[in-house]
Amino acid sequence: MKSIAILLGLFILPALLLAHGAFAAPDAPLYSGCGGVPNPPVTNAAYDQQVVELTNQQRLNNGNLPPLKRIDALDQAARYMSIDMAQDNYWPADPLVNHGTYDRVGSNLVFQCSWDARVRTYYSSPRAENIAAGQSNPESVISDWMGSSGHKANILSTGSWEIGVGFYEGSGGYYRYWTQDFGRRSGVYPLIINREQALTYDLQVSIWIYGDWDEMRLRNDGEDWPQSWQTFTNLSDWTLKDTSGQRSVEAQVRSGSTTVTTNDTITYINWAQFTERNYLPIVIK
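Caption draft 1: Focus on the overall build of the protein. The number of helices and strands found in the protein is 6 helices and 16 strands. Taking all 285 residues of the protein together, the buried fraction comes to 47%. Sequence separation of at least 24 residues holds for 68% of the intrachain contacts in the protein that already meet a minimum separation of 6. When the accessible surface of the protein is totalled, it reaches about 13500 Å², and 51% of it is carbon and sulfur.

Caption draft 2: Main features of the state of the cysteines. Summed over all chains, the structure comprises 1 disulfide. Across the disulfide, Cys34 is cross-linked to Cys113 (sulfur-sulfur distance 2.0 Å). Every disulfide takes its handedness from the sign of the S-S torsion; for Cys34 and Cys113 that torsion is 95 degrees, giving right-handed. You can see Cys34 sitting in the loop between strand 2 (11-13) and helix 1 (45-61) and its partner Cys113 sitting in strand 5 (residues 108-113), a full 79 residues away along the chain.

Caption draft 3: The sheet that holds strand 9 (residues 191-193), seen in detail. Taken in spatial order, the 3 strands of this open sheet run 9-11-14, and their pairing is antiparallel. Two strands lie at the open edges of the sheet, namely strand 9 and strand 14 (235-239), each paired on one side alone. Averaged over neighbouring strand pairs, the angle between their axes works out to 30 degrees when direction is ignored. Direction of pairing for strand 9 relative to strand 11 (residues 204-209): antiparallel, over a ladder of 3 bridges. If you follow Ile192 over to strand 11, its bridge partner there is Trp208.

Caption draft 4: Structural detail: the environment of Val110. Of note, Val110 is situated in strand 5. What makes Val110 partly exposed here is its relative accessible area of 34%. Spatially, the C-alpha atoms of Val110 and Gly33 are 9.7 Å apart, while their sequence positions differ by 77 residues. Among all residues touching Val110, those that are not within four sequence positions of it are Thr101, Tyr102, Asp103 and Val105.

Caption draft 5: Spotlight on the pattern of salt bridges. Counting across every chain of the model gives 9 salt bridges. In this structure, the salt-bridge partner of Glu215 is Arg254, at a minimum N-O distance of 2.8 Å. One end of the pair, Glu215, is in strand 12 (residues 215-220); the other, Arg254, is in strand 15 (residues 245-255), with 39 residues separating them in the sequence. With a relative accessible area of 28%, Glu215 lands in the partly exposed category. In this structure, Asp221 engages Arg247 in a salt bridge whose closest nitrogen and oxygen atoms are separated by 3.0 Å. Separated by 26 residues along the polypeptide, Asp221 in the loop between strand 12 and strand 13 (230-231) and Arg247 in strand 15 bring together distant segments of the chain.

Caption draft 6: Representation of the layout of surface pockets in the model. Within this model, the largest pocket holds a volume of roughly 230 Å³. Together, 13 residues line the largest pocket, and Gln49, Arg70, Glu196, Asp264 and Thr265 are the ones closest to its centre. Where the lining of the largest pocket is concerned, the elements lending two or more residues are helix 2 (72-87) and strand 16 (258-268). Top contributing element to the lining of the largest pocket by residue count: strand 16, with 4 residues. A class-by-class count of the residues in the lining of the largest pocket yields 3 nonpolar, 5 polar and 5 charged.

Caption draft 7: Looking closely at the pairing of strand 6 (residues 126-133). Among the 8 residues that make up strand 6, 7 are buried, leaving the element largely enclosed by the rest of the structure. Note that strand 6 and strand 8 (residues 176-183) share 7 bridges and pair antiparallel. From the neighbouring strand, Ala132 faces strand 8, where its bridge partner is Trp178.

Caption draft 8: Representation of the packing of aromatic side chains. Counting across every chain of the model gives 13 aromatic pairs. Taking the centre distance of 4.9 Å and the plane angle of 80 degrees together, the rings of Tyr189 and Trp213 count as edge-to-face. Within this pair, whereas Tyr189 is found in the loop between strand 8 and strand 9, its partner Trp213 is found in the loop between strand 11 and strand 12, the two being separated by 24 residues in sequence. With a relative accessible area of 10%, Trp213 lands in the buried category. The ring centre of Trp229 lies 3.8 Å from the NZ or CZ of Arg254, which sits over that ring.

Caption draft 9: Inspection of a nonpolar patch on the surface at higher detail. The grouping of Leu199, Tyr201 and Trp271 at the surface amounts to a nonpolar patch, some 330 Å² of accessible area in total. For Leu199, the location among the structural elements is in strand 10 (residues 199-200).

Caption draft 10: Inspection of helix 2 at higher detail. Compared with the 22 Å implied by 1.5 Å per residue over 16 residues, the 22 Å span of helix 2 between its first and last C-alpha is a close match. Among the 16 residues that make up helix 2, 14 are buried, leaving the element largely enclosed by the rest of the structure. At the C-terminal side of helix 2, Asn89 shows a positive phi close to 50 degrees.

So, how was this worked out
Residues numbered from 1 in each chain as written. Predicted model: local features only at pLDDT ≥ 70, side-chain atom pairs only at ≥ 80, totals over all residues. Heavy atoms only, no water. Helix = DSSP H or I, 4+ residues; strand = E, 2+ residues; numbered from the N terminus. Buried < 20%, exposed > 50% of the residue type's maximum accessible area, 1.4 Å probe, protein only. Contact = heavy atoms within 4.5 Å. Areas by Shrake-Rupley, 256 points an atom, 1.4 Å probe, with all protein chains shown as cover. Disulfide = S-S within 2.5 Å. Pairing = 2+ DSSP bridges. Axes fitted to C-alpha atoms, helices over the stretch in contact; angles between N-to-C directions. Salt bridge = Lys/Arg side-chain N within 4 Å of Asp/Glu carboxyl O. 1 Å grid on protein atoms, 1.4 Å probe; cavity = no way out; pocket = protein on both sides within 12 Å on 5 of 7 lines; lining within 4 Å. Points joined across faces, edges and corners; volume = space filled by probe spheres on them. Nonpolar A, V, L, I, M, F, W, Y, C, P; charged D, E, K, R; others polar. Phe/Tyr/Trp six-rings, centres within 6.5 Å; stacked < 30°, edge-to-face > 60°. Lys NZ or Arg CZ within 6 Å of the ring centre and 35° of its normal. Patch = residues over 30% accessible without salt bridge, like charges linked within 9 Å, V, L, I, M, F, W, Y side chains within 5 Å. Expected span 1.5 Å × (residues − 1).

So yeah, pure geometry; function would need other evidence.
Below you can see the structure in the form of structure tokens.
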């Protein structure tokens with residue numbers, strides 16, 4: 001059985017189905033209260049990243065919308081929620097406190113705080129949250145969210161610039177729990193390489209920079225800034241440094257007397273070098 005629930009601004013939709021089943025012992029420290037626990041454990045890093053990439057693919061497919069930047073603070077907020085739902089075996093379906101955080105005291109659930117209060121223990125400016133339970137993989141959960149008008153609106157909102165994802169597996173009535181948190185911080189203008197993909201085999205990448213600026217300049221891996229500035233554009237092409245490993249791209253953008261610096265990283269794999277160094281030819285006699 002699968003469930004999904006949504007919070008969109010001040011308009012709250014009830015969950016489709018309530019959680020069920022016996023409480024199972026968690027494999028993480030038991031959480032209580034209203035978030036704020038540092039570094040909730042990662043259950044499946046690949047799943048978290050896939051949800052981010054599939055979300056940005058949906059934004060591309062539905063109106064060529066700009067990508068969302070994944071940030072650690074929202075990841076932590078999302079992981080806390082998924083773990084807490086599983087540990088205390090609850091599904092926050094009350095239409096008055098949807099997405100609220102609860103503690104289980106005996107057989108009772110005790111409300112602790114609203115979704116946005118919980119997220120703010122990690123991140124200053126939350127905009128929305130999607131949760132789901134029971135889906136077996138990232139493709140399934142994104143499909144379910146995109147099939148619900150409210151969840152879809154959160155995924156496609158241009159009001160959010162940043163995202164965090166938390167998947168948890170191992171306890172609770174649904175066993176698998178998913179959370180997306182969305183936000184946008186004042187004065188922060190994310191730079192995003194290749195729509196926030198984790199890695200690339202191509203030196204040629206796309207760069208998206210949020211904001212409305214007059215000029216910009218970019219550099220690789222902390223090299224010297226170019227002397228000349230160019231006309232600002234949100235989307236541009238860029239060439240990474242030809243060295244396998246984590247590559248960084250940094251930009252300075254400016255208008256008038258205001259200059260902002262922003263950056264992102266991506267792992268580049270030179271496939272020819274990788275295969276040469278890591279594999280030997282197979283000889284059959």
